[in-house]
Amino acid sequence: GEQEIARNYFGLRSVSQQQPITEDTIYRVYSMTKPITGVAMMMLWEEGKWDLDDPVTKYIPEFSDLQVLDGTNPDGSPKLVPMERPPTMRELMSHTAGFGYGLSGSDPVNTAFRDNQILRSPDLDTLVDRVADVPLLFQPGDDWFYSIAVDLQGYIVEKLSGQKFGDFLQERIFTPLEMEDAAFYVPEDQYGRFSEVFTYSAEEGGLVRVDSAARAFRKETVAMQSGGGGLVMTLDDYAHFCQMLLNGGSFRGKQLVKPETIELMATDVLPEGVSIWSAGNSDRRAGAGQGFGLDFGIVSDPVEAESGQGKGSYYWGGAAGTWFWIDPVNDLYFIGMIQRMSGNPASEYDPRAVSRVGVYDALED
């Protein structure tokens, strides 16, 4: 049966108001939106609407003439070569298609993502048009780079379902999973429950509130419905999603997808010699013992990953310090929610690592 082992709340959702984090606090889950988008995709996959080996261009013909970055010319301009073949849907869902993101990287591709404000596109059609103008970082399948690919999946869900992305999520995922506050914005009358988001300031010598429209998640300021990072919800909302995954696609008597589908999503698909965080990332260790499936990171070798997690555990996290993992071997899931863009660089404290140690030490007792 389903048993809750521990639940804890610490800290404040508003420093100015001195309001504590409570059970009904709403969080920005940012990239923890990605696995939800993945499940939406796999619902359509189960219906036979697409195949993993299909070229992405079958659903986004705008990508037929993508170029690929191949170093720089003597004058510093990017050297471009044609795409050898379009990326497959499997590559799109595993960040091996070659798309950029703009969150990091000083290369011409990620710079173009920032310059063209791709993440601030007013809608998914505009997003696709803007992405079509930017080259890929590498030939499809050659490497792994965390990318815009999951926003593109949201666009594909719209195209294949004939529904607005948010409507599809509401009907097929949020309603059956009783994810009551899961949405792309916080309703005005619920805004008092929405946590503030913080970041570390060297100047202030501590955390300061981040105050910008991009982090506000108000109905009128949300542009596109971002499958890569757009959702807000409570801890319980995400817990219901995790319970469904752990249950192999079912929740309180409702089957959203088949157990085999969840297993497929949690299977490493990275090509030989490719590891996560490899492209453009100096810290190779970050990806040790970890693979990537369909919109999930995977602990393929717990020893190498220096983790107590069961082999095949799958996980992801969000930009403001949210994280979760599903461990089928030990039949458990864990979720943590923090609202902090970055912490003190001098601090050794890593809540994600601490949580893993705490959970698996407790299991051994």
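Our structure's up above, just so we're on the same page.
Quick caveat, the model's predicted, so the values are computed rather than measured. Per chain, residue numbering runs from 1 following the sequence as it is written. Where totals are concerned, whole chains, interfaces and linings use all residues; where local detail is concerned, this predicted model gives features only for residues with pLDDT of at least 70, and gives and counts side-chain atom pairs only at 80 or more. Hydrogens and water are ignored here; the side-chain numbers use all heavy atoms of the structure.

Secondary structure assignment for the protein chain yields nine helices and 15 strands. Here the radius of gyration uses the C-alpha set of atoms, whereas the globule reference equals 2.2 Å times the residue count to the power 0.38. Whereas a compact globule of 365 residues would reach a radius of gyration of roughly 21 Å, the protein chain reaches 20 Å, a difference of no more than 12%. Any residue under 20% of the maximum accessible area for its type is buried, any over 50% is exposed, and the rest in between are partly exposed; the area is computed with a 1.4 Å probe on protein chains only. Of all 365 residues assigned to the protein chain, the portion counted as buried reaches 51%. Contacts were defined at the residue level, with two residues in contact if any of their heavy atoms lie within 4.5 Å. In the protein chain, the share of contacts with a sequence separation of at least 24, taken over all contacts with a separation of at least 6, comes to 67%. Here the accessible surface of atoms and residues is derived via Shrake-Rupley with a 1.4 Å probe, and residues count as covered only by protein chains that are part of the display. On the protein chain, roughly 16,900 Å² of surface is accessible, and the fraction owed to carbon and sulfur atoms is 48%. The distance from the centre of the 29 positive side-chain charges to the centre of the 55 negative ones in the protein chain is 3 Å. Secondary structure elements follow DSSP: runs of H or I no shorter than four residues count as helices, runs of E no shorter than two count as strands, and numbering proceeds from the N terminus. Neither His nor the chain ends contribute to the count of charged residues, in which Lys and Arg are positive and Asp and Glu negative. Positions of charges follow a simple convention, taking NZ of Lys, CZ of Arg, CG of Asp or CD of Glu.

Moving on to the environment of Trp325. With respect to the helices, strands and loops of the structure, Trp325 is situated in strand E14 (residues 322-327). What makes Trp325 buried here is its relative accessible area of 2%. Separated by 29 residues in sequence, Trp325 and Phe296 have C-alpha atoms that sit 9.5 Å apart. Ignoring any residue separated from it by four or fewer positions in sequence, one finds Trp325 in contact with Gln309, Tyr314, Tyr315, Leu332, Tyr333, Phe334, Ser355, Arg356, Val359 and Tyr360. Residues adjacent in sequence count toward polar contacts only when both atoms are side-chain atoms; beyond that, a polar contact is any pair of N or O atoms within 3.5 Å, and within protein one must be able to donate a hydrogen and the other to accept it. A distance of 2.8 Å separates polar atoms of two side chains, one belonging to Trp325 and the other to Tyr360.

Two strands qualify as a pair provided DSSP detects at least 2 bridges between them. Both strand E6 (residues 198-201) and strand E7 (residues 206-209) contribute to a ladder of four bridges, which runs antiparallel. Along E7, the bridge assignment pairs Ser201 with Gly206.

A word on helix H9 (residues 351-364). In this scheme, a helix's expected span is set at 1.5 Å multiplied by one less than its residue total. For H9, with 14 residues, the first-to-last C-alpha span of 20 Å sits near the 20 Å given by 1.5 Å per residue. Those residues of H9 hidden inside the fold are in contact with E14 and strand E15 (332-336).

As a further point, take a negative patch on the surface. Patch building starts from residues that exceed 30% relative accessible area and form no salt bridge, then joins like charges within 9 Å and nonpolar side chains (Val, Leu, Ile, Met, Phe, Trp, Tyr) within 5 Å. A side-chain nitrogen of Lys or Arg and a carboxyl oxygen of Asp or Glu constitute a salt bridge if their distance falls within 4 Å. Taken together, Glu62, Asp123, Asp125, Asp129 and Asp133 make up a surface patch of like negative charges. Here Glu62 is to be found in the loop between helix H1 (34-46) and strand E4 (67-72).

Let us look at unusual backbone geometry. If you check the backbone angles, His95 has positive phi at about 60° while not being a glycine. You can see His95 is positioned in the loop between helix H2 (89-93) and helix H3 (108-115). For His95, a relative accessible area of 1% gives the class buried. Residues other than glycine seldom take positive phi values, yet Asp331 does so here, at roughly 55°. Checked against the element boundaries, Asp331 lands in the loop between E14 and E15.

Counted by the stated rule, this structure contains 15 salt bridges. With a shortest N-O distance of 3.0 Å, Arg7 and Glu4 are connected by a salt bridge. Between Lys254 and Glu178 there is a salt bridge, and its shortest N-O distance comes to 3.3 Å. On the criterion of sequence distance, the pair formed by Lys254 in strand E10 (residues 254-255) and Glu178 in the loop between helix H6 (165-174) and E6 is long-range, its members being 76 residues apart.

Inside soluble globular proteins, nonpolar side chains tend to come together where they are buried. Ranked by size, the top nonpolar core spans 95 residues in total, and within it Ile36, Trp50, Phe99, Leu152, Ile173 and Tyr238 carry the most contacts. In this view, Tyr238 contacts Met32, Pro35, Ile36, Met233, Phe324, Ile335 and Met337; residues no more than four positions away in its chain are not counted. Residue types Ala, Val, Leu, Ile, Met, Phe, Trp, Tyr and Cys, when buried and joined through side-chain atoms within 4.5 Å, form a set referred to as a nonpolar core. Ile26, Tyr30, Phe194 and Val197 belong to the second-largest nonpolar core, a separate cluster that totals eleven residues.

Most of strand E13 (residues 313-318) sits out of view: six of its six residues are buried. On E13, burial covers both faces: Ser313, Tyr315 and Gly317 on one face and Tyr314, Trp316 and Gly318 on the other are all buried. Two elements, strand E12 (residues 297-299) and E13, share three bridges in a ladder whose sense is antiparallel. Each bridged residue has a counterpart across the sheet, and for Val299 the counterpart in E13 is Ser313. Pairing of E13 with E14 involves five bridges; the strand directions are antiparallel.

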